[in-house]
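# Chains, contacts and geometry: an overview
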Amino acid sequence: MPNSIAARLISVLTASAVIIIAAGMLLDYRISRQEILQRLNEQATMEVQVVIADLENWLNGVEATTALLARILEQRSYSRDNLQDMIRDVVANNDEIFGAAIALNPALAEAEGGFAPYYYTKDGQTLYADLASRKARYQEQAWFTEPLAQGRAMWSEPYFDAGGGEVDMTTFSVPVYRSGADGKRIAYAVVTADVTLDALNKVLQQLHLGNSSYGLLFSREGIVMSARNDASSMQHYTTLHYQGLDKDSWHQLFQRALRGETSTMDFPCRQRDERCTIRLGRLNTTGWPVGVGYRQAEVLSPLHRYEIKTAAVSAATLLLVVLAVFLVTSRLTRPLAQLTRATEDMASGNLDIPLPRASGDDEIARLVRSFGTMNRELKTYIADLESATATRSRIEGELAAARDIQMSMLPEGGEALVRDAAASLWARVAPARTVGGDLYSYFQRQRQLFLAVGDVSDKGVPAALFMARAISLIQQIHTPSTPPETAMAELNNALERDNENCMFVTLFLGVLDIDTGELCFASAGHTAPSLLRGSRVDIIEQRTGPALGLAPDQDYPRNTLQLLNNDRLAIFTDGIDEAFNETGDMFGIDRFNQALQASSDEDIAAAGDNLFQRIRQHAGVQPQSDDITLLLLDYTPESEQRARQDFDLAEQLTARVQAWMTPILADWGIPAAAAGELKLVAEEIVTNIQKYAGLDAAGNVELLLQRDGDTLTLEATDPGRAFDPLHDAHRSTLGADIETAEIGGLGVHLLTQLTDHQSYRRTDGLNRLRVQKILSTLAVQTR
């Protein structure tokens, strides 16, 4: 079985053995490889050095013989016969020299055309040629003119000796000078010694770094003197064709060799899928670049043989180790098979299965007895767990219900968005636990907007209960006739009564005059709000009183803030600035204000979402430590377009509403499609109020129509019986016959389909139904 203990034990032991043996083999391989590579490198270097040393000694001997002959001619004069004899003896007695010549300065020679006797060896015979002949014309040859021009001994570029030896050769030339009658130094002759390219090639091909290796020799001008292919002789090195070596690579290789640097170049072999190498240096005697080309596989063949042998030995060793581990492990783990079969039924849930009998006191017997004990304890634990799970499920259900109840106490269920022409509002609560103690509230009466943001001490259920009490009292105490500071003092006294657990709440309580932009507020130990004005964010200076619920009869100073057009006010709890990350670093007011500043060009809802996102990014994987509440208020009175009209519920109500709305919407430039849909919604709303609000014909419904940018708002206010059509109305099934649809059923579908946002609230005995349509949404749908 692949998942059995035996299989795992075999795998572990085998893997351990493989690792240990492989590590030992690898270490041995690396050490041996380095030794083999070092030995191969030393052998190759020694062989190259021996051949080059032979070549250097040969050329040094040629130079020494030629220089000696030149010094003899400088010291005394000889007859032509003597000069010829001297040259013949040099060639006949020196196997290293193919040919030699003494070429007199034509101006000093008695014969017309000069005097240049030349002797060379061919087929074991010493032959004579006259280099002063018209064919040879020694006066024009580089081996004669260049040494005289530069005044020094030098090796010539390789050339074909026409009129002389009739072979490819290179010549070592030594100029001979004598003093004239006037004591001036004059050129007397040039003494030469020749070496054929065939002879050089024979020496270089003694290099043996494999069957495919070959020597390379170039002149200083780049003429090939010895190469792999005889056809390349006397060609420029740029004509050599090596795959992967272009002219630029050859040029760099050649120039480094001329500077005396040893350089190496790898390239693909021409006829094999292998790598070849050219290594090039310089002869000290002549300055000629010299090198060797070889296949890397041939040079490293001893290493490859060693690698194959090492791999074979390693594989055989590992196979034997695996076989030994398998046999030993299988024998040791066989007794566990019976216990495994007995415990498989236990794993499937059958805890009453009998276990094998335990005999002896070895590990297997102790394991069987331990399984028996575990079986009994497991039965007891499962019974306890079932009881605890049922209790926990009941508690979680109660907490979930408590969260729903708590969120329902907050406007719009814990996340609110109100778009108004002059003042738009967005708010969100994020509890740290299932339920929490943060709160917010708002409501508008006429042209006044009431705001509240609070933070109850502690978290969880106690904070949630105290929060519910606080928000209920806020809605009871805060009336249009009660200033914020007075309402705060009354609220403190109400919360302090029967507060045996000494819980408290910090609270921001304010009222905004929408027409003037004046915000009057009081603070009970609450975090100061931040104001975004233009591109700058400031913390609002405030006078504050103590937290609510600790002591009676406290004073709470009145604060006043004048809002300007396009101001954005952020009211929040300390859960924002005290949001910690995994390193214990708080989010802080400064980070919050920077994020608020970056939201200046964003819609209020997008700004709120992005601020929460920034807080979550800062916290990372760190769990939320405190409840978080944020309320944003945008004040934009200059963008407001509004119209308000009261209608009685007499006949022709819908026609009167249509006649009032049509010119207003046209004057505001509302597209015909949007205007038609909003008038249809208004007709549905007033018709339902007329029929089902329980008001007579003298009853009154007030319609408010306003535009704020792309947002078009319609609000209907009536004193009829309390009814929330958005949540309490039974929606009829779409597609049902209209005569059988229940009251309000199709109308609710109409409202939700033709508008983008809907909200209902009951304040001061009045039903307030508000719907909003985003004009940009209509444009997208039209396209």
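The structure reproduced in this document is the subject of the present report. Computed from a predicted structure; not experimentally measured.

## Some details on the overall build of the chain
From N to C terminus, the chain includes 17 helices and 28 strands. Burial status across the chain gives 45% buried among its 783 residues. Once local pairs closer than 6 in sequence are excluded, the contacts in the chain between residues at least 24 apart make up 64%. Here the chain displays about 40,100 Å² of accessible surface, and carbon together with sulfur accounts for 51% of that area.

## What about the sheet that holds strand β19 (residues 530-533)?
The strand order β13-β14-β23-β22-β19-β20 describes an open sheet built from six strands, whose pairing is antiparallel. Every interior strand has two partners, whereas the edge strands, β13 (415-418) and β20 (536-539), have only one. Between one strand axis and the next, the sheet turns through 15 degrees on average, direction left out of account. Judged from the four bridges that link them, β13 and strand β14 (residues 423-430) form a sheet pairing that is antiparallel.

## A short note on unusual backbone geometry
Here the phi dihedral of aspartate 123 falls at roughly 55 degrees; this positive angle occurs in a residue that is not glycine. Positionally, aspartate 123 belongs in the loop between β2 (117-122) and β3 (125-130). Residue classification places aspartate 123 among the exposed positions, given a relative accessible area of 74%. Phi is positive for cysteine 502, close to 55 degrees, though the residue is something other than glycine. Counting through the fold element by element, cysteine 502 comes out in the loop between α11 (484-496) and β17 (505-513).

## Observations concerning the pattern of salt bridges
A full pass over the atoms with the stated rule returns 18 salt bridges. Of the charged contacts in the structure, one is a salt bridge between lysine 135 and glutamate 166, with a shortest N-O distance of 3.3 Å. Note that lysine 135 is positioned in the loop between β3 and α3 (142-150) and glutamate 166 in the loop between β5 (159-160) and β6 (168-179), a separation of 31 residues in sequence. For lysine 135, a relative accessible area of 58% gives the class exposed. Among the salt bridges present, the one from aspartate 585 reaches arginine 591, with a minimum N-O distance of 2.9 Å. Residue aspartate 585 is classed as partly exposed on the basis of its relative accessible area of 32%. On the basis of relative accessible area, arginine 591 is assigned to the partly exposed category, the value being 32%.

## Quick word on the pairing of strand β18 (residues 518-524)
Across the seven residues of β18, six count as buried, placing the element largely inside the fold. When β17 meets β18, the two strands line up antiparallel, connected through six bridges. The residue bridging leucine 509 from the neighbouring strand is alanine 522, located in β18. Connecting the antiparallel pair β17 and β18 is a turn made up of four residues, with glycine 517 showing a positive phi of about 80 degrees.

## Here we look at the side chain of histidine 618
By secondary structure assignment, the location of histidine 618 is in helix α13 (residues 604-619). What makes histidine 618 buried here is its relative accessible area of 14%. A polar side-chain atom of histidine 618 sits 3.5 Å from the main-chain carbonyl oxygen of alanine 579. Engagement of the side chain of histidine 618 in a polar contact is seen with the backbone oxygen of aspartate 585, the distance being 2.9 Å. Residues within four places of histidine 618 in sequence aside, it is in contact with Ala579, Phe580, Asn581, Asp585, Met586, Phe587 and Arg591.

## Things to note about the nonpolar core
Ranked by size, the top nonpolar core spans 51 residues in total, and within it Leu507, Leu548 and Leu633 carry the most contacts. At eight residues, helix α10 (residues 460-477) tops the list of elements feeding residues into this core. With residues up to four places along the chain from it excluded, the contact list for leucine 507 reads Leu439, Ala452, Val453, Gly454, Ile474, Met488, Leu491, Ala522, Ser523, Ala524, His526 and Leu548. Formed by 42 residues, the second largest nonpolar core is a distinct cluster that contains Leu55, Tyr188, Leu204 and Met225.

## What to know about the sheet that holds strand β21 (residues 559-562)
Here five strands make up an open sheet; going across it, the order is β15-β16-β17-β18-β21 and the pairing antiparallel. The sheet is open, and its two borders are formed by β15 (438-445) and β21, each paired with just one other strand. Ignoring strand direction, the axes of neighbouring strands in this sheet form an average angle of 15 degrees. Strands β15, β16 (448-456) and β17 of the sheet are contacted by α10, whose axis makes an angle of about 15 degrees with β15. Along the sheet face, α11 touches β17 and β18 and points at about 150 degrees away from the line of β17.

## Considering the layout of surface pockets
Of the voids in this model, the largest pocket is the one considered here, and its volume is about 730 Å³. Together, 29 residues line the largest pocket, and Pro411, Glu412, Tyr442, Tyr760 and Arg761 are the ones closest to its centre. Going through the elements one at a time, α9 (363-409), β14, β15 and β27 (757-763) are the ones with two or more residues in the lining of the largest pocket. No other element matches β27, which puts six residues into the lining of the largest pocket.

## Details of the pairing of strand β26 (residues 711-718)
Taken across its eight residues, β26 has eight buried, putting it largely inside the fold. Side chains of β26 alternate between two faces, with Thr711, Thr713, Glu715 and Thr717 and Leu712, Leu714, Ala716 and Asp718 buried alike. Judged from the seven bridges that link them, strand β25 (residues 700-708) and β26 form a sheet pairing that is antiparallel. Bridged to glutamine 706 within β26 is threonine 713. Linking β25 back to β26 in an antiparallel pair, the connection comprises two residues, with glycine 709 at a positive phi of about 65 degrees. Bridge count for β26 against strand β28 (residues 766-774) is eight bridges, and the pairing is antiparallel. Paired with threonine 717 across the two strands is arginine 768, which belongs to β28.

## Some remarks on the packing of α10 against α11
Two numbers describe how α10 lies on α11: the axes approach to 10 Å, and their chain directions differ by 140 degrees. One way to sum up the angle between α10 and α11 is to call them oblique. Here α10 and α11 pass one another in a crossing that is right-handed. Contact residues: α10 offers Phe466, Arg469, Ala470, Leu473, Ile474 and Ile477, while α11 offers Ala487, Glu490, Leu491, Ala494 and Leu495. For the contact of α10 with α11, the residue count by class is nine nonpolar, no polar and two charged.

## Observations regarding α3
Listed as buried for α3 are Trp143, Phe144 and Pro147. The buried residues of α3 occupy one face: seen down the axis, they fall within an arc of 105 degrees. Considering only its buried residues, α3 is in contact with β1 (99-104), β4 (154-155), β5, β6 and β7 (185-196). Two residues or fewer after α3 comes glycine 151, characterised by a positive phi angle close to 65 degrees.

## Notes on the packing of helix α12 (residues 588-598) against α13
Packed helices, taken two at a time, are described by their axes: the angle between them and the distance between them. Interhelical geometry of α12 versus α13 gives an angle of 140 degrees and a closest axis separation of 10 Å. Considered as vectors, α12 and α13 are oriented oblique to each other. Once α12 is placed against α13, the crossing between them reads as right-handed. Contacts between α12 and α13 involve Arg591, Phe592, Ala595 and Leu596 from the former and Leu611, Arg614 and His618 from the latter. Each residue belonging to the contact of α12 with α13 can be placed in one class, and the counts come to four nonpolar, one polar and two charged.

Calculation notes
Residues numbered from 1 in each chain as written. Predicted model: local features only at pLDDT ≥ 70, side-chain atom pairs only at ≥ 80, totals over all residues. Heavy atoms only, no water. Helix = DSSP H or I, 4+ residues; strand = E, 2+ residues; numbered from the N terminus. Buried < 20%, exposed > 50% of the residue type's maximum accessible area, 1.4 Å probe, protein only. Contact = heavy atoms within 4.5 Å. Areas by Shrake-Rupley, 256 points an atom, 1.4 Å probe, with all protein chains shown as cover. Pairing = 2+ DSSP bridges. Axes fitted to C-alpha atoms, helices over the stretch in contact; angles between N-to-C directions. Salt bridge = Lys/Arg side-chain N within 4 Å of Asp/Glu carboxyl O. Polar contact = N/O pair within 3.5 Å; in protein donor to acceptor, adjacent residues only side chain to side chain. Core = buried A, V, L, I, M, F, W, Y, C linked by side-chain atoms within 4.5 Å. 1 Å grid on protein atoms, 1.4 Å probe; cavity = no way out; pocket = protein on both sides within 12 Å on 5 of 7 lines; lining within 4 Å. Points joined across faces, edges and corners; volume = space filled by probe spheres on them. Parallel < 35°, antiparallel > 145°, perpendicular 65-115°, else oblique. Left-handed = near helix turned anticlockwise from the far one by under 90°. Nonpolar A, V, L, I, M, F, W, Y, C, P; charged D, E, K, R; others polar. Arc of directions from axis to C-beta.

Read these as layout, nothing more, since geometry by itself doesn't imply function.
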